[in-house]
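An overview of the molecular structure
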Amino acid sequence: MKAFLVEKYGGPAGMRAAEVADPQAGAEDVLVEIRAASVNPLDIKLRDGAFKAFLPYRLPLVLGNDFAGKVVRVGPSVTRFAVGDEVYARPDRDRIGTFAERLAVHQDDLAPKPDSLTMTEAASLPLVALTAWQALVERARVRPGQKVLVHGGAGGLGSIAVQLAKVLGAHVAATASTTNVDLVRELGADVAVDYRAQDFTEILDGYDVVLDSLGGDNLSRSLRVLKPGGIAVSVAGPPDPSFARELGANPALRLAMTALSSTTRRRAKRLGVTYAFLFMKASGDQLRELTSLIDAGKIRPIVDRVFPFDETLQAMEYVEKGRAKAGKVVVSMT
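Each chain has its residues counted from 1, running along the sequence as written. The model is predicted, so local features are restricted to residues of pLDDT at least 70 and side-chain atom pairs to those at 80 or more, both for listing and for counting; the totals for chains, interfaces and linings are taken over all residues. Note: side-chain values were computed over all heavy atoms of the structure, leaving out hydrogens and water.

1. Things to note about the sheet that holds strand β9 (residues 147-150)
Our working definition: Any two strands are treated as partners once DSSP identifies two or more bridges connecting them. A helix here means a DSSP run of H or I that spans at least four residues, while a strand means a run of E at least two residues long, and both kinds are numbered starting from the N terminus. Angles here are taken between N-to-C directions and fall from 0 to 180 degrees, while the axes themselves are lines fitted to C-alpha atoms, restricted in helices to the stretch in contact.
Read from one edge of the open sheet, six strands run β11-β10-β9-β12-β13-β14, paired in parallel fashion. The sheet is open, and its two borders are formed by β11 (191-194) and β14 (274-277), each paired with just one other strand. With strand direction ignored, the average angle separating the axes of adjacent strands in the sheet is 15°. Pairing analysis gives four bridges linking strand β13 (residues 226-234) to β14, with the strands arranged parallel. Note on β14: the bridge partner recorded for I231 is T274.

See the structure below:
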């Protein structure tokens, strides 16, 4: 089958199209014919080797972290799916590879595709929707009436997080570029901050939760808009000791992660708030929860552009250079 794989870390030159062997499905695996897959910033980071210290993949590696498709075979122990089912998923981090024609996925990581969405729309969602769920529901435990700030509210993650936070009953603020201020309001943001013209730290205060997707100075400044007891959850900030434990990292790596986040955690402690790093995980059950919200019309995907599968490398370049105006970029097999 055709796939796009990383042969060496370091940039676009290390990735190419290739013919690879068809995946082998285990007893609890579902073999899926992929119809569409989305491009995520995570793909760029994995291609460049940014996470190789704690995600030691063997190269060559087929890239791609979420998809929608149709079941073509099930293992003998599979009970949740049958041939012909339309599904979507973010596969487990040890079994990525959605930039390919087929993929074997554990049944626990899969969910039925939302009936209301096309394959292209569904493929745009698993990674960002699960990230939003795990940040706001699992980690921050957002409750009705709380105040939530979502950075990059028109982006792939931000656009879903804004909608989910509103479903959870929160008062939502979102940062966006000038051209996307109206979009984040349409998605449900009560306050839209134009980051090109406004400083969010001068406008916002007393927030319970911040979802940060930028890291660096943006994360540091975000701590200041939290009220005492608030939490900043970042998918771009430094890994923290909790993540090291979850990863099962060796003592040296745990120590390194603790050191990387020490400045941020100390700053948060002085302000009476909490910092948490999030590296999302696969979950078919959580996707099912999200599917019900999607089919109820409470969450909708935003797709910026669709590339044909043969142009996967161009789709990655499009994302890497920041050309997407809002939402996700998807590659389609059809």
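Let us keep going from here.
2. What to know about the side chain of Q286
Inclusion rule: Only protein chains enter the accessibility calculation, which uses a 1.4 Å probe; a residue is then buried when its area is under 20% of its type maximum, exposed when over 50%, and partly exposed in between. We call two residues contacting when some pair of their heavy atoms lies within 4.5 Å.
The residue Q286 is located in helix α10 (residues 284-295) in this model. Classification of Q286 as buried rests on a relative accessible area of 11%. With near-sequence residues (within four places) excluded, Q286 lies in contact with L130, W133, Q134 and E138.

3. What to know about the nonpolar core
Our working definition: Remark: nonpolar core denotes a set of buried residues (Ala, Val, Leu, Ile, Met, Phe, Trp, Tyr, Cys) joined through side-chain atoms within 4.5 Å.
Counting 112 residues, the largest nonpolar core has L63, F67, F99 and L110 as its most contacted members. Looking at this core element by element, the count peaks at eight residues for helix α3 (residues 126-139). Not counting residues up to four positions away in its chain, the partners in contact with L110 are V30, V32, F67, F81, V87, Y88, A89, V105, G284 and R288. Within the second largest apolar cluster, six residues are counted, among which are M1, A3, L5 and A100.

4. What to know about empty space enclosed by the protein
What counts is decided by this rule: Cavity and pocket criteria rest on a 1 Å grid covering protein atoms alone: a 1.4 Å probe that fits but cannot get out defines a cavity, protein on both sides within 12 Å along at least 5 of 7 lines defines an open pocket, and an atom within 4 Å of a point defines a lining residue. Grid points are joined across faces, edges and corners, and a volume is the space filled by probe spheres set on the points. Three residue categories are used. Nonpolar comprises Ala, Val, Leu, Ile, Met, Phe, Trp, Tyr, Cys and Pro, charged comprises Asp, Glu, Lys and Arg, and polar comprises the others, including Gly.
Taken as a whole and assessed by the stated rule, the structure comprises one cavity of 30 Å³ or more. Roughly 30 Å³ of volume is contained in the largest cavity. The wall of the largest cavity is formed by Y9, L46, G49, F51, K52, L55 and Y57. Per-class residue counts for the lining of the largest cavity are five nonpolar, one polar and one charged.

5. Quick look at the layout of surface pockets
Considered as a void within the structure, the largest pocket measures approximately 1,200 Å³ in volume. P41, G155, G156, S213 and L214 are the residues nearest the centre of the largest pocket, which is lined by 45 residues in total. Elements represented by at least two residues in the lining of the largest pocket include exactly α1 (41-48), α3, α4 (156-167), β10 (171-176), α7 (216-222), α11 (312-320) and β16 (328-332). Of the residues belonging to the lining of the largest pocket, the class tally is 22 nonpolar, 16 polar and seven charged. Roughly 300 Å³ of internal volume is contained in the second largest pocket. Taken together, 17 residues line the second largest pocket, and the ones lying closest to its centre are P23, V62, I96, G97 and L103. Among the secondary structure elements, those contributing two or more residues to the lining of the second largest pocket are β4 (61-62) and β7 (102-106).

6. Brief notes about the environment of K321
Checked against the element boundaries, K321 lands in the loop between α11 and β16. Separated by 252 residues in sequence, K321 and G69 place their C-alpha atoms 28 Å apart.

7. Some remarks on the sheet that holds β4
The strands that make up a sheet are held in pairs by hydrogen bonds between backbone atoms, and each pair lies either parallel or antiparallel. What the three strands build is an open sheet, ordered β2-β1-β4; its pairing is antiparallel. The sheet terminates laterally at β2 (15-19) and β4, the two strands that pair on one side only. In this sheet, β2 lies alongside strand β1 (residues 2-6) in antiparallel orientation, the contact comprising five bridges. What sits directly across from K2, in β2, is E19.

8. Quick word on the pattern of salt bridges
For the record, the criterion: Note on definitions: salt bridges are taken to be side-chain nitrogens of Lys or Arg within 4 Å of carboxyl oxygens of Asp or Glu.
For the coordinates displayed, the defined rule picks out 17 salt bridges. The partner of D29 in a salt bridge is R95, and the shortest N-O contact between them spans 2.8 Å. You can see D29 sitting in strand β3 (residues 29-39) and its partner R95 sitting in the loop between β6 (86-89) and β7, a full 66 residues away along the chain. For D66, the salt bridge identified is with K328, shortest N-O distance 3.9 Å. Of the two residues, D66 sits in the loop between β4 and β5 (67-74) while K328 sits in strand β16, which places them 262 residues apart along the sequence. Just as D66 is buried, K328 falls in that class too. Linked by salt bridges that have partners in common, R47, D48 and E320 make up one network.

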